[in-house]
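# Examining the three-dimensional arrangement
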Amino acid sequence: MEKVIVTGGAGFIGSHTCVELLEAGFEPVIVDDLRNSEERVLKGLEKIVSRELPIHRIDCGDAVALNKVFEAEKPSSVIHFAADKAVGESVREPLKYYSNNIGSLFTLLRVMEQHRVKDLVFSSSCTVYGDTDQLPVTENSPTGAAASPYGYTKVVCERMLRDASAADPLLRAVLLRYFNPIGAHPSGIIGELPIGVPNNLIPFITQAAAGIREKLTVFGDDYPTRDGSCIRDYIHVVDLAKAHVLALRWIAKQKAPVCDVFNLGTGTGNTVLEAVHTFEAENGVKVPYVIGPRRAGDVVAMYADTTKSSEVLGWRTELTLGDALRDAWRWQQTLGKAAVQ
Ligand code: UFG
């Protein structure tokens, strides 16, 4: 089986992608120091796939340790998820983000070069588009106006990959721009593990519905949208995970060097209030909420044009917002109150 190094494979999107890789006949090799995950995710993952998985508990920014992994595993490709991703924290600690997110991609590219591994799928984000009124956003929409240091690390990483691929004709890179990944594995065995008070909407909704948080604050109802709250493109993490398998297959078919970019969203925008009310209707539970002020840095609306990923990668979403919100609630019930800080 073709070995794929999955950095950040114990994370939210990484763990779901490992499941899909195995189902598609790839052998994922996880590289993750669990700084933003827990043993229970690895155990859950192994339970879903009914086997043990190779796991290297190292920092993928550690060149010596990463070299040893490549030497031992001899992978044919890499999916690079490992990165810090909290927007607010990146404003408070920008150097941590520049050092970790940019540094680890740099180290990875060097190690790949040494081992002649040429195929890479990179996790990028719709945040590279910044605030735009050209909706839906296509891959050709302007980038670079990212509102946070986190977002800007994605802009820089994308540029680093384009430059590296222009200079190395054998490098084959795919950059995937995720919109808002939500949901959990339908088994309820793996899902997102927010650390502390969740920053993101859906984990906050599930914790408020479970009584762990008193109430959700909807950040603003005076935006120029159909109900005044912000619009986002919420995509089920399992649909997102499947796109990584298609990206690897697409790379393998390329005869010429490539460095290409794809949007991964549903193509449909939903408001915050629609997400809250759909959650309530799908799960038969109430979400206590209040309307609060706008959150600094939020864009009014963001949703994807997915024509390219569907035409080129053959990718289509199969799951709905309702599916994602039911799966997120099931996962919240698995988690219980134990993991809450
Ligand atoms: N929201 C609330 N209350 C909350 C949390 C969020 O109303 O408690 C609202 C936000 O204001 C926003 C929407 O819910 O309108 C979604 O917010 P999230 O924090 O869940 O997600 P973002 O759209 O802010 O995040 C996305 C991507 C990130 C990326 C970021 C950059 O998921 O990866 O955009 O802005 F970094």
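So, here is what we can say about the structure in this document. (Residues numbered from 1 in each chain as written. Predicted model: local features only at pLDDT ≥ 70, side-chain atom pairs only at ≥ 80, totals over all residues. Heavy atoms only, no water.)

## Examining the environment of F219
Looking at the element boundaries, F219 is found in strand β8 (residues 216–219). Classification of F219 by relative accessible area gives partly exposed; the value is 34%. Residues in contact with F219, not counting those within four places in the same chain, are G292, P293, R294, R295 and D298. (Helix = DSSP H or I, 4+ residues; strand = E, 2+ residues; numbered from the N terminus. Buried < 20%, exposed > 50% of the residue type's maximum accessible area, 1.4 Å probe, protein only. Contact = heavy atoms within 4.5 Å.)

## Looking at the packing of helix α1 (residues 12–23) against helix α8 (residues 237–253)
Axis separation between α1 and α8 bottoms out at 8 Å; the angle between their running directions is 60°. Put simply, α1 runs oblique to α8. Crossing hand, α1 versus α8: right-handed. Residues F12, I13, H16, T17, E20 and L21 of α1 touch α8, and the partners they reach there are V237, V238, L240, A241, K242, H244, V245 and L248. For the contact of α1 with α8, the class distribution of residues is nine nonpolar, three polar and two charged. (Axes fitted to C-alpha atoms, helices over the stretch in contact; angles between N-to-C directions. Parallel < 35°, antiparallel > 145°, perpendicular 65-115°, else oblique. Left-handed = near helix turned anticlockwise from the far one by under 90°. Nonpolar A, V, L, I, M, F, W, Y, C, P; charged D, E, K, R; others polar.)

## A few points about the side chain of T271
Within the fold, T271 resides in strand β12 (residues 270–271). Residue class for T271 comes out buried when judged on its relative accessible area of 0%. Polar side-chain contacts of T271 include one of 2.7 Å to the side chain of D227. Beyond its immediate sequence surroundings of up to four residues, T271 is in contact with R226, D227, S229, C230 and I231. (Polar contact = N/O pair within 3.5 Å; in protein donor to acceptor, adjacent residues only side chain to side chain.)

## Some words on empty space enclosed by the protein
Under the defined criterion, the tally for this structure stands at two cavities of 30 Å³ or more. Together, G183, E192, P194, I202, P203, T206, Q207, A328, W331, Q332 and L335 line the largest cavity. Across the lining of the largest cavity, the residue classes break down as six nonpolar, four polar and one charged. (1 Å grid on protein atoms, 1.4 Å probe; cavity = no way out; pocket = protein on both sides within 12 Å on 5 of 7 lines; lining within 4 Å. Points joined across faces, edges and corners; volume = space filled by probe spheres on them.)

By themselves, these figures tell us nothing about what the structure is for.
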